[in-house]
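What follows is each chain in one-letter form.
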Amino acid sequence: MSDPATTARHLVLLLLAGGLASILTAWGFQTIGGYVPCKLCLEQRIPYYVGLPLALLALVLMLRPLPAAARRLAVTGLLVAVAAIFAWGAGLGAYQAGAEWGFWTGPMDCGGGGGMTDSAANMLNALRSTRVVSCTEASWRMLGLSFAGWNAVISAGIAVLALAAAWAWRRGRTA
């Protein structure tokens, strides 16, 4: 039977790998694939920018020689925070996916596109070439899920991994 602390470390490594793969895929679709993210899409990336560094910090603390009680509390707190952050991300993804399917209305101020031009002479050309992206129209789907739908699934999975890691870490006698 595996040590719960080792299991917790493995779960955090899996969480980090999955989260990093997810955000790198989003950046790849944007930079290589040319998919312009909307305002809500960009907001769904915040959990990755905040949660993954916190998960990395939890992993570092798992490996540091600190007093057991303080380390157990700090690591558990960080992993619960990571779970909450990614649960929020899953909620955002589900909200946008529901708006894309027409289950409810999306945000009224949601749109995106290229940045503003730095030259007044090129402003008319920039306005002609700017593509406004709606939060309520899926630009891509795979197996019936849009980017937002997949983000909801992945973020929920990461939240579950973080909770499982926190639970295993709390159970560990050597933590």
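Reading the values: the criteria
Residues numbered from 1 in each chain as written. Predicted model: local features only at pLDDT ≥ 70, side-chain atom pairs only at ≥ 80, totals over all residues. Heavy atoms only, no water. Helix = DSSP H or I, 4+ residues; strand = E, 2+ residues; numbered from the N terminus. Buried < 20%, exposed > 50% of the residue type's maximum accessible area, 1.4 Å probe, protein only. Polar contact = N/O pair within 3.5 Å; in protein donor to acceptor, adjacent residues only side chain to side chain. Contact = heavy atoms within 4.5 Å. Core = buried A, V, L, I, M, F, W, Y, C linked by side-chain atoms within 4.5 Å. Patch = residues over 30% accessible without salt bridge, like charges linked within 9 Å, V, L, I, M, F, W, Y side chains within 5 Å. Areas by Shrake-Rupley, 256 points an atom, 1.4 Å probe, with all protein chains shown as cover. Salt bridge = Lys/Arg side-chain N within 4 Å of Asp/Glu carboxyl O. Axes fitted to C-alpha atoms, helices over the stretch in contact; angles between N-to-C directions. Parallel < 35°, antiparallel > 145°, perpendicular 65-115°, else oblique. Left-handed = near helix turned anticlockwise from the far one by under 90°. Nonpolar A, V, L, I, M, F, W, Y, C, P; charged D, E, K, R; others polar.

Regarding the side chain of Gln 44
In step 1: Within the secondary structure, Gln 44 is located in the loop between helix 2 (39-43) and helix 3 (46-63).
In step 2: Residue class for Gln 44 comes out buried when judged on its relative accessible area of 4%.
In step 3: Reaching out from Gln 44, the side chain makes a polar contact with the side chain of Asn 151 at a distance of 2.8 Å.
In step 4: For Gln 44, the contacting residues outside a window of four places in its chain are Leu 92, Gly 93, Gln 96, Ala 148 and Asn 151.

What to know about the nonpolar core
In step 1: In terms of nonpolar packing, the biggest core is built from 28 residues, with Val 12, Leu 15, Leu 16, Met 62, Val 75, Leu 79 and Phe 86 touching the most fellow members.
In step 2: Taken together, the elements giving at least two residues each to this core come down to helix 1 (4-31), helix 3, helix 4 (68-100) and helix 6 (147-171).
In step 3: Tallying contributions element by element places helix 6 first for this core, with eight residues.
In step 4: Beyond its immediate chain neighbours, meaning those up to four positions away, Leu 15 contacts Leu 52, Ala 55, Val 82, Ile 158, Leu 161 and Ala 162.

Focus: a nonpolar patch on the surface
In step 1: A grouping of Leu 20, Leu 24, Trp 27, Ile 46, Tyr 49, Val 50 and Trp 88 is seen on the molecular surface, where their side chains present a nonpolar patch of about 630 Å² in accessible area.
In step 2: Along the chain, Leu 24 falls in helix 1.
In step 3: For Leu 24, a relative accessible area of 45% corresponds to the partly exposed category.

Considering the side chain of Ser 155
In step 1: As for its placement among the helices and strands, Ser 155 is situated in helix 6.
In step 2: Contact partners of Ser 155, with chain neighbours within four places excluded, come to Tyr 48, Phe 86, Gly 89 and Ala 90.

As for the packing of helix 1 against helix 6
In step 1: Put simply, helix 1 and helix 6 touch, their axes get as near as 8 Å, and they point 160° apart. Relative to helix 6, the element helix 1 is oriented roughly antiparallel. For the crossing formed where helix 1 meets helix 6, the hand is left-handed.
In step 2: Here the contact of helix 1 with helix 6 is built from residues that sort into 17 nonpolar, four polar and two charged.

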